[in-house]
Amino acid sequence: MAQQIPIVDYLVLDDPAHLEAHACSSCSALYFDRRNACAKCGGVEFVRKTLSNDGWVRAFTIVHRAAPSVPAPYTSVVVDLDGGGAVKANLLGVTDPAEITPRLPVTLEVFVAGTDDDGVEAVGFGYRKRKELP
Ligand SMILES: [Zn+2]
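Calculation notes
- Residues numbered from 1 in each chain as written.
- Predicted model: local features only at pLDDT ≥ 70, side-chain atom pairs only at ≥ 80, totals over all residues.
- Heavy atoms only, no water.
- Donors = N, O, S within 2.8 Å, 3.2 Å for Na, K, Ca; no water.
- Tetrahedral: all angles 85-135°; square planar, octahedral: opposite > 155°, others 65-115°.
- Buried < 20%, exposed > 50% of the residue type's maximum accessible area, 1.4 Å probe, protein only.
- UniProt positions renumbered as here; feature names shortened; annotations may be inferred.
- Helix = DSSP H or I, 4+ residues; strand = E, 2+ residues; numbered from the N terminus.
- Core = buried A, V, L, I, M, F, W, Y, C linked by side-chain atoms within 4.5 Å.
- Contact = heavy atoms within 4.5 Å.
- 1 Å grid on protein atoms, 1.4 Å probe; cavity = no way out; pocket = protein on both sides within 12 Å on 5 of 7 lines; lining within 4 Å.
- Points joined across faces, edges and corners; volume = space filled by probe spheres on them.

Asker: What exactly am I supposed to notice about the coordination of the zinc ion here?
Answerer: Each angle at a metal carrying four tetrahedral donors should ideally be 109.5 degrees, and each at a metal carrying six octahedral donors should ideally be 90 or 180 degrees. Around the zinc ion, the protein contributes the donor atoms Cys24 (SG), Cys27 (SG), Cys38 (SG) and Cys41 (SG), at 2.2 to 2.4 Å from the metal centre. For the zinc ion, the four donor atoms in the first shell make angles of 100 to 115 degrees at the metal, a pattern classed as tetrahedral. According to the relative accessible area criterion, cysteine 41 is partly exposed, its value standing at 40%.

Structure (structure tokens):
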């Protein structure tokens, strides 16, 4: 298997891949970036927290104009994760607003976003509509 690196440091490429946040030890506020202090309570102790791979679309926009190397249209979403946390990402495989319902259930999906000259793969993430239960 090719060597892989995550495109952001809060994407952890374990099996299964998942997101991790810094959780404030005092108030449980979540941050993807490293903080010296919690913006909510001023606490300075943080622990790593594994976030759920499942969540719900809170908001979306369909982007029709992008940089020349970025395929468009694509759907940008804010996902509220089960158990806490919210993340911005793309909704994979959907660009028709009629397919996006309020609180659409989604799940994390990783993909190879690019490969360098040494064969190292950069792995990105997005969200895909969760399969309907029978
Ligand atoms: Zn806090």
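Asker: Explain the UniProt feature "domain: ChsH2 C-terminal OB-fold" (unreviewed entry) in the protein to me, please; I cannot follow it from the model alone.
Answerer: The UniProt entry lists residues 50–98 under the feature "domain: ChsH2 C-terminal OB-fold" (unreviewed entry), expressed in the numbering used here. Taken as a whole, residues 50–98 contains 0% helix and 51% strand, while its terminal C-alpha atoms sit 32 Å from one another.

Asker: Would you mind going over the nonpolar core with me for this structure?
Answerer: By size, the foremost hydrophobic cluster in this structure holds 21 residues, and its most contacted members are Leu19, Val87, Phe125 and Tyr127. For this core, the elements supplying multiple residues, two or more each, are β3 (18–24), β7 (74–81), β8 (86–91), β9 (105–115) and β10 (121–129). The contact partners of tyrosine 127, leaving out residues within four places of it in the chain, are Leu19, Asn53, Val79, Leu81, Val87, Ala89, Asn90, Leu91, Leu92, Val106, Thr107 and Leu108.

Asker: For this particular structure, what's the right way to read the layout of surface pockets?
Answerer: If a probe as big as a water molecule is rolled over the atoms, it shows which places are left empty. Considered as a void within the structure, the largest pocket measures approximately 340 Å³ in volume. Asn90, Leu92, Phe111, Gly124 and Phe125 are, among the 17 residues lining the largest pocket, the residues nearest its centre. Residue assignment for the lining of the largest pocket shows that the elements contributing at least two residues are β7, β8, β9 and β10. Here the lining of the largest pocket gets four residues from one element, more than from any other, and that element is β8.

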